[in-house]
Amino acid sequence: MEDIDNIEEDEYGFSRNYFLAKELGGSSKRSARKLSDINIVDEQELRETAFNIETKHEKEISELLNEYKTMYPKWVFELRCGFGLLMYGFGSKKGLIEDFASSSLTEYSVVVINGYLPSVNLKQVLLAIAELLSEELKSRSKSSGRLSKGQETFPSRSIDDILSFLHSSQSEDKDCFICVVVHNIDGPALRDPESQQTLAQLAACSHIRIIASIDHVNALLLWDKKMVHKQFNWLWHHVPTFAPYKVEGVFFPLVLAQGSTAQTAKTAAIVLQSLTPNAQNVFKILADYQLAHPDEDGMPTEDLYSASRERFFVSSQVTLNSHLTEFKDHELVKTKRNSDGQECLNIPLSPDAIRQLLLDLSQ
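Residues numbered from 1 in each chain as written. Predicted model: local features only at pLDDT ≥ 70, side-chain atom pairs only at ≥ 80, totals over all residues. Heavy atoms only, no water.

Visitor: Quick question: what am I supposed to make of the overall build of the protein here?
Guide: When its secondary structure is counted, the protein shows 14 helices and 10 strands. Counting the 363 residues in the protein, one finds 39% classified as buried. Of the contacts formed within the protein by residues at least 6 apart in sequence, a portion of 76% connects residues at least 24 apart. Within the structure as shown, the protein displays about 21600 Å² of accessible surface, and the carbon and sulfur contribution to it stands at 52%. (Helix = DSSP H or I, 4+ residues; strand = E, 2+ residues; numbered from the N terminus. Buried < 20%, exposed > 50% of the residue type's maximum accessible area, 1.4 Å probe, protein only. Contact = heavy atoms within 4.5 Å. Areas by Shrake-Rupley, 256 points an atom, 1.4 Å probe, with all protein chains shown as cover.)

This is the structure we're talking about:
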């Protein structure tokens, strides 16, 4: 009984002290300080500091990555058996997947989707995949002396028609498929149900294999049972790399930082450096034009095509359109019509940011 009385007395004392503290706290003056009074560090400085943080346990991480490399033949075998590969675990998987694709998937065409971008044009991606598959089936049918449905042209550029073409394309060669790498299939641009359904239907095509990574804690909620087992047909691989999310994190604003012209240019430079040299050169032509003609609405698309073709950066309008699609997906270029009705291309950056961007690209 004595122990029970002591417990009750302790609880009473705690409760009494709590309400006394609340009463005293309520009578005190409120602080006049505001969140806006905080001296927030420049975003470029914060990102550079984070970028230059020394990597720890490099030896152990290197050994871990070398261990994953021994699994590459197994992953290729799983793809050839019709499975999709889903990589999960702490750390960026981008470098690991790209190394796997560049070293072990050289016999196959590879299409990359960067799901960590703010927006992704899935229709253009599907169109590129369909054109690749059509050419692949055409070349294989020529070598075997047979005709293939892959030689058919697309009656429409709608997503449903492209998916129908991909599903209807058949080949006796079961080793004929295109690998689609999706970095962060759970990224902000692909989290909506429509995008996931489109990717699931793409994965269900007999000539398509998906290699994807996830990082969001709720990624599994994106799919139902049918999508997991029947369409994506995932084989799960736990591959923690402990690598920083340097590229993926560029597109997410830092809470304790404020933006700047230099950082805007730095972000754009990182995006452009991930594109092909010809795409970068086309962008430089557009940037130089915009700096030389600051009062115009932008550079006409026809003029950009002529200038790019003269310098052998593009061979056709289709190639230029492919580069422009990448620019628009990364929000590096916007289009609008001038007073003459011409479609003009404009870089949505200040002249100072464009100059800084060109300087970063030349280094």
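So that's the structure; there's more coming.
Visitor: What is the right way to look at the pattern of salt bridges in this model?
Guide: Note on pairing: side chains with opposite charge can pair once their charged atoms come close. Under the criterion given, the structure shown has 3 salt bridges. Close ionic contact of Glu-98 with Lys-94 constitutes a salt bridge, the shortest N to O distance being 2.7 Å. With Glu-98 and Lys-94 both in helix 5 (residues 94-104) and 4 residues apart, this pair spans about one turn of that helix. A salt bridge links Asp-352 to Arg-355, with the nearest nitrogen and oxygen atoms 3.2 Å apart. With Asp-352 and Arg-355 both in helix 14 (residues 351-362) and 3 residues apart, this pair spans about one turn of that helix. For Asp-352, a relative accessible area of 53% gives the class exposed. (Salt bridge = Lys/Arg side-chain N within 4 Å of Asp/Glu carboxyl O.)

Visitor: Explain the sheet that holds strand 10 (residues 343-346) here, please?
Guide: The strands making up a sheet associate through backbone hydrogen bonding, with each pair oriented either parallel or antiparallel. One open sheet holds the 3 strands; their spatial order is 8-10-9, and the pairing between them is antiparallel. The open sheet has two edge strands, strand 8 (299-300) and strand 9 (334-337), and neither has a second partner. As defined by bridge partners, strand 8 adjoins strand 10 across 2 bridges and the pair is classed as antiparallel. Bridging from a neighbouring strand, Met-299 pairs with Leu-345 of strand 10. (Pairing = 2+ DSSP bridges.)

Visitor: Help me out: how do you make sense of a nonpolar patch on the surface in this one?
Guide: On the surface, Tyr-88, Leu-220 and Trp-236 cluster together into a nonpolar patch covering about 290 Å² of accessible area. Within the secondary structure layout, Tyr-88 lies in strand 2 (residues 84-88). You can call Tyr-88 partly exposed: its relative accessible area is 32%. (Patch = residues over 30% accessible without salt bridge, like charges linked within 9 Å, V, L, I, M, F, W, Y side chains within 5 Å.)

Visitor: Hey, could you run me through the nonpolar core in this one?
Guide: Within soluble globular proteins, side chains that are nonpolar tend to cluster in buried spots. Membership of the largest hydrophobic core comes to 36 residues, with the highest contact counts inside it found for Leu-166 and Ile-185. At the level of secondary structure, the elements contributing two or more residues to this core comprise strand 3 (110-114), helix 6 (122-144), helix 7 (159-168), strand 4 (178-183), helix 8 (193-203), strand 5 (208-213) and helix 9 (225-231). Element by element, the count of residues in this core is highest for helix 6, at 8 residues. Leaving out residues up to four positions away in the same chain, Leu-166 has contacts with Ile-129, Ala-130, Leu-133, Leu-202 and Cys-205. Leu-275, Ala-287, Ile-347 and Leu-361 belong to the second largest nonpolar core, which has 32 residues in total. (Core = buried A, V, L, I, M, F, W, Y, C linked by side-chain atoms within 4.5 Å.)

Visitor: Explanation requested: the packing of aromatic side chains in the structure shown.
Guide: For any two aromatic rings, the description comes down to two numbers: the centre-to-centre distance and the angle of the planes. Inspection of every chain in the model, using the stated rule, returns 10 aromatic pairs. Note on Trp-223 and Trp-234: the rings are 5.7 Å apart at their centroids and 50° apart in plane angle, and the pair reads as tilted. Of the two residues, Trp-223 sits in the loop between strand 5 and helix 9 while Trp-234 sits in strand 6 (residues 234-238), which places them 11 residues apart along the sequence. Members of the aromatic cluster, connected to one another through ring pairs, are Tyr-72, Trp-75 and Phe-100. (Phe/Tyr/Trp six-rings, centres within 6.5 Å; stacked < 30°, edge-to-face > 60°.)

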